[in-house]
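Summary of the model geometry
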Amino acid sequence: MSVIGIDFGNESCYVAVAKAGGIETIANDYSLRATPSCVAFAGRNRVLGVAAKNQQVTNMSNTIGGFKRLLGRKYNDPHVQNELRKIPYKVEPRPDGGIGIKVQYQDEECVFSPEQITAMLFTKLKEDAFKELKTQINDCVITVPSFYTNAERQALLDAAGICGLNVLRLMSETTATALSYGFYKQDLPAPEEKARNVIFVDFGHSALQVSACAFHKGKLKMLASCADQVGGRDFDYALANHFSNEFQSKYKIDPRTNKRAFLRLLTEVEKIKKQMSANSTKLPLNIECFMNEIDVHSTMQRAIMEELCAGVLQRIEATMRKLLKDSNLPLEDIHSVEIVGGSTRIPAIKHLIEQIFCKPASTTLNQDEAVSRGAALQCAVLSPAVRVREFSCSDVQAYPVLISWDDGTQRNEMKVFEQYHTAPFTRLLTVHRREPLTINVHYEPNSVPYPDPFIGSFHIKDIKPNANGEPQEVKIKVRINQNGIVLISNANMVEKRESEEPVTPPATANGEQQPATPQGEEAPKSGEPMDIQEDKKKKIVTKSIDLTIDCKTHGFISSELSNYHEMEMKMIANDRQEKERIDARNALEEFVYEIRGKIQEDGELSAYVAPDDASKITLQLEDIENWLYEDGENCERAVYKDKLATLRQQTDPIRVRCEEYNGHEQAFHELGQTIQLTYKAVEQYRGQDPKYDHLTETEILNISEAAQKAQKWYEDARSRLVSVRKTQDPPVKVADIRHENQTLSTCTNSVLNRPKPKPPTPPADNNAAKDQQPNGADHSKDQQQQNQQPDGNQPKDLEDKMDVE
């Protein structure tokens, strides 16, 4: 079973896996640990990850990036409209008010939702994990920003469902970072001791998250979490706008009017921003053929960048100070400030942290991979596939949650979860109703970075009055689940009714039931007749009835999700077929170039093909090459395979002929060596070499005749090859020579390698044998008779013994 954690970032993703040796961040097919969050469509296939990022400049309109900021949102959302000004691809509203991303796929115009695009990226991450683990990927933990609302979290779950991932938990990125920090700490305080408070600053490409966490041994508890949707890309845009203004005045060109030029500028600006993190000197910016065939040049210094990004730094400072206020932590109670995220490498950010928290920024965690490692640890804790020690994670609800309902006369509203309430958590509410009830769940107004605070509308059915027409008690569970999603998880109606049952009288001494005696009356004497009357006592019977809940909330309905899942499976199958088709086309193209070079003059096959045949094959190769770049560019795989098979039928005989002629010399050398070794062994036998004295004359004559026969075949084969041209098939094959060599070797080795028989065992001393007999038995006579027998007539049991020895 697989255990993986996915850090889904706006710019790039990381996948960590839990193995026997610990947590490991895996590499993709480009040997990189970071997989860009890019999906591209090129002709008939999809391009995912690194390959999509590499062709972004040349295929801008069909390369989708930055879609994490569009998940779960509506087209008219001001946040979305602000994003649309920065993205080069086409976006349009969908009929339901959602976002549609328009691309060209398989020569058709297609519209995909951000959830579908995210599922395509998850398909790529799933494939990389499969290649690493060599097992099917199902269970995972995916991290989300702590400021994500219900709509965005549900959208991410839908995306995972489209690509077939089973999400065990959506985990806040800062909580995953805290788990990655605390899981391996051996010096955390005991539960009864004062907690260790750590601040985590996660500043990535598009978001800032600052959290306070309290650690005890074996558990962590998030205290508060503040966020702002500002990130490293805001530094990039500030620098890009500065250079655009400079180029406009200096070169009379404005990159903001050309999407491709502005994209190239952003790429170069990001590089120089990273260089300034380690260098405070003036750095050059040079872009060749930038716009209108003009080369542009400029410089930038860290101090100037900080001036340009002063507004961004103010927002970062405000977020950090808000966390300090919300967490109610005195500065002296803060143990350390841990930083993660690529943008925390900017020196100005580290300076702000030290200024606000009075602690230096600690870099004990891997700034890029800590989030994915924490997610993989959480997946290992939740999964039965891996045994790890328990470590509990208590998260917080980022926004206050309200519920409201209408009882017919007035609208009621109450707050069920305060901001920073513990999650997951369930709150039980009790209401008294006669008829079905609709409860609306929403965030507190103006508390979320989302225009619509709506969470969901839950209609509780089957509520009815009791037999007396009175309202009945209804218990409602409002829950924040492990994914941070708020919902009404369950509703029960408590039905109460009265039942009468007889009161059991006390038992007498002989076991009979004694009737109850009314108060003030004398109990009857024993043996007197009496009139027995049963009293009945009323009992309240309680019955809990599960109620049906119809909910209207964010996310796809099951039928839509099923359709999108089928579409994704079809696209995966199409990607596989397209890869096989392209591989077949490349194999044909490669074979054309390879054979042409080999049959041309001075090629390794030119000596083995007749000039007329070489001309015909060359013409045929040129025809196939022209066809490949014209009519044959988009053919099916079978067409390429058929043409390759036809070419091989014509060229394989030439290749085989070359291999035969080139292999003759080595094969003849091996045969000649075997013949010489056989003759040498015969000469050694004639010279009475002791190592062959156990062989017979007949055996030596046999191997000598075999060597003579092989030598005759050798000379005849050599002579037959002398008069043959290399453009003709050789009359003697390499396999024939090796067969002859094998035959002679087998014959010779069976004789020469036969081991010598061992000499007979000398007879034992009579006295010693007598001493060894049990009970002093005397067997000297039997031993003498055996010793007096001739060597050739030894007893059967002695011969057997010698053979064994």
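The structure contained in this document is the topic of the report that follows. (Residues numbered from 1 in each chain as written. Predicted model: local features only at pLDDT ≥ 70, side-chain atom pairs only at ≥ 80, totals over all residues. Heavy atoms only, no water.)

**Description of the overall build of the chain**
As a reminder of what qualifies: Secondary structure follows DSSP: runs of H or I at least 4 residues long count as helices, runs of E at least 2 residues long count as strands, and numbering of each begins at the N terminus. The rule is simple: take the accessible area with a 1.4 Å probe, protein chains only, and divide by the maximum for that residue type; under 20% is buried, over 50% is exposed, in between is partly exposed. Contacts are assigned to residue pairs that have any heavy atoms within 4.5 Å of one another. To measure how exposed things are, a 1.4 Å probe is used in the Shrake-Rupley method; for residues, cover is taken only from the protein chains shown.
Each helix and strand in the chain was counted, giving 19 helices and 30 strands. For the chain, the proportion of its 805 residues judged to be buried stands at 45%. Put simply, 68% of the contacts in the chain that link residues at least 6 apart link residues at least 24 apart. On the chain, roughly 42700 Å² of surface is accessible, and the fraction owed to carbon and sulfur atoms is 48%.

**A word on the pairing of strand β2 (residues 12-19)**
Each regular strand displays side chains that alternate between the two surfaces of the sheet. Under the convention used in this document: Here, any two strands with at least 2 DSSP bridges between them count as paired.
Summarising burial for β2: seven of the eight residues are buried, a large majority. Pairing geometry for strand β1 (residues 4-8) and β2, over five bridges, is antiparallel. Of the residues in β2, the one forming a bridge with F8 is C13. Linkage of β1 to β2, two consecutive antiparallel strands, is achieved through a turn of three residues. As defined by bridge partners, β2 adjoins strand β4 (residues 35-36) across two bridges and the pair is classed as antiparallel. Looking at the pairing, S12 lines up with P36 of β4. With four bridges joining them, β2 and strand β3 (residues 22-25) adopt antiparallel strand pairing. By the bridge assignment, A18 is partnered in β3 with I23.

**Brief notes about the side chain of R73**
The condition that has to hold: Side-chain atoms alone can form a polar contact between residues adjacent in sequence; in general such a contact is a pair of N or O atoms within 3.5 Å, and within protein one must be able to donate a hydrogen while the other accepts it.
Along the chain, R73 turns up in the loop between β7 (63-65) and α2 (78-84). For R73, a relative accessible area of 4% gives the class buried. There is a polar contact of 3.0 Å between the side chain of R73 and the backbone oxygen of P449. Residues in contact with R73, not counting those within four places in the same chain, are H79, V80, G98, I99, E152, Q229, P449, Y450 and P451.

**A few points about the pattern of salt bridges**
Cut-off, in case you're wondering: Any Lys or Arg side-chain nitrogen found within 4 Å of a carboxyl oxygen on Asp or Glu counts as a salt bridge.
Scanning all chains against the criterion turns up 44 salt bridges. In this structure, R233 engages E83 in a salt bridge whose closest nitrogen and oxygen atoms are separated by 2.5 Å. Here R233 is found in helix α6 (residues 232-250), whereas its partner E83 is found in helix α2, with 150 residues between them in sequence. The partner of K598 in a salt bridge is E594, with the nearest N and O atoms 2.9 Å apart. In this pair, K598 and E594 are both assigned in helix α12 (residues 558-599), four residues apart and thus about one turn of the helix distant.

**As for the nonpolar core**
What counts is decided by this rule: Take the buried residues of types Ala, Val, Leu, Ile, Met, Phe, Trp, Tyr and Cys, join any two whose side-chain atoms come within 4.5 Å, and each joined set is a nonpolar core.
Ranked by size, the top nonpolar core spans 83 residues in total, and within it F8, F122, I142 and I476 carry the most contacts. Among the nonpolar cores identified, the runner-up in size contains 82 residues, and L179, A224, M305 and A375 belong to it.

**Examining unusual backbone geometry**
Residue P424 is bonded to the preceding A423 through a cis peptide linkage, with omega at -5°. With respect to the helices, strands and loops of the structure, P424 is situated in the loop between β23 (421-423) and β24 (425-433). The phi dihedral of Q106 falls on the positive side, at around 55°, and the residue is not glycine. Structurally, Q106 is set in the loop between β9 (99-105) and β10 (108-112). By relative accessible area, Q106 is classed as partly exposed at 34%. Positive phi, close to 60°, is recorded for E293, a residue that is not glycine.

**Points about the state of the cysteines**
Rule in force here: Only a pair of cysteine sulfur atoms within 2.5 Å counts as a disulfide in this structure description.
The full count for this structure, using the stated rule, is zero disulfides. Of all cysteine sulfurs in the structure, the one in C140 sits closest to C379, which takes part in no disulfide; the separation is 6.6 Å. Note on C379: relative accessible area 0%, which makes it buried.

**Description of the packing of aromatic side chains**
Pairs of aromatic rings are described using the distance from one ring centre to the other and the angle between the two planes. Applied cut-off: The rule is short: rings of Phe, Tyr and Trp, with Trp giving its six-membered ring, pair when the centres are within 6.5 Å, and they are stacked under 30 degrees, edge-to-face over 60, tilted in between. Two limits define a charge over a ring: the Lys NZ or Arg CZ must be within 6 Å of the ring centre, and within 35 degrees of the ring normal.
Across all of its chains, the model carries 22 aromatic pairs by this definition. Measuring from centroid to centroid gives 5.9 Å for F183 and F391, while their planes differ by 50°, and the two rings are tilted. One end of the pair, F183, is in the loop between α5 (173-182) and β13 (196-203); the other, F391, is in the loop between α11 (370-382) and β20 (392-397), with 208 residues separating them in the sequence. Under the relative-accessibility criterion, F183 is labelled buried at 8%. For F391, a relative accessible area of 2% translates into the label buried. An aromatic cluster of at least three residues, connected via ring pairs, comprises F243, F247, Y251 and F290. Above the ring of F183, the side-chain terminus of R389 is found at 4.4 Å from the ring centroid.

**Things to note about helix α14 (residues 637-686)**
Quick reminder of the rule: Working rule for helices: expected span equals 1.5 Å times residues minus one. What is called the bend at a residue is the angle between a pair of axes, fitted to the seven residues leading up to and ending at it and to the seven starting from it.
For α14, built from 50 residues, the straight-helix expectation of 74 Å at 1.5 Å per residue is met to within 8% by its first-to-last C-alpha distance of 68 Å. Residue T651 marks the point of greatest curvature in α14, where the axis turns by about 40°; the proline P653 follows within four residues. Where α14 terminates, the next one or two residues include Q688, which has phi positive at roughly 55°.

**Comments concerning the pairing of β13**
Counting buried positions along β13 yields eight of eight residues, so the element is predominantly enclosed. Side chains R196, V198, F200 and D202 of β13 all project onto a buried face; the interleaved residues N197, I199, V201 and F203 project onto the opposite face, where all are buried too. In terms of strand pairing, β13 meets strand β14 (residues 208-216) through eight bridges, oriented antiparallel. Note on β14: the bridge partner recorded for V201 is V210. A loop of four residues connects β13 with β14, the two strands running antiparallel in sequence. Looking at chain direction, β13 and strand β18 (residues 334-340) are connected through six bridges and run parallel. Looking at the pairing, N197 lines up with I334 of β18.

**Looking at the environment of M493**
Mapped onto the elements of the fold, M493 is located in strand β28 (residues 486-502). When near neighbours in sequence (up to four residues on either side) are disregarded, M493 contacts D462, I463, K464, Q472, E473, V474, K543, S544, I545 and L547.

**Things to note about the environment of K691**
Along the chain, K691 falls in the loop between α14 and α15 (697-722). We classify K691 as partly exposed; its relative accessible area is 43%. With 65 residues separating them in the primary sequence, K691 and K756 have C-alpha atoms 8.3 Å apart. When near neighbours in sequence (up to four residues on either side) are disregarded, K691 contacts Q684 and K756.

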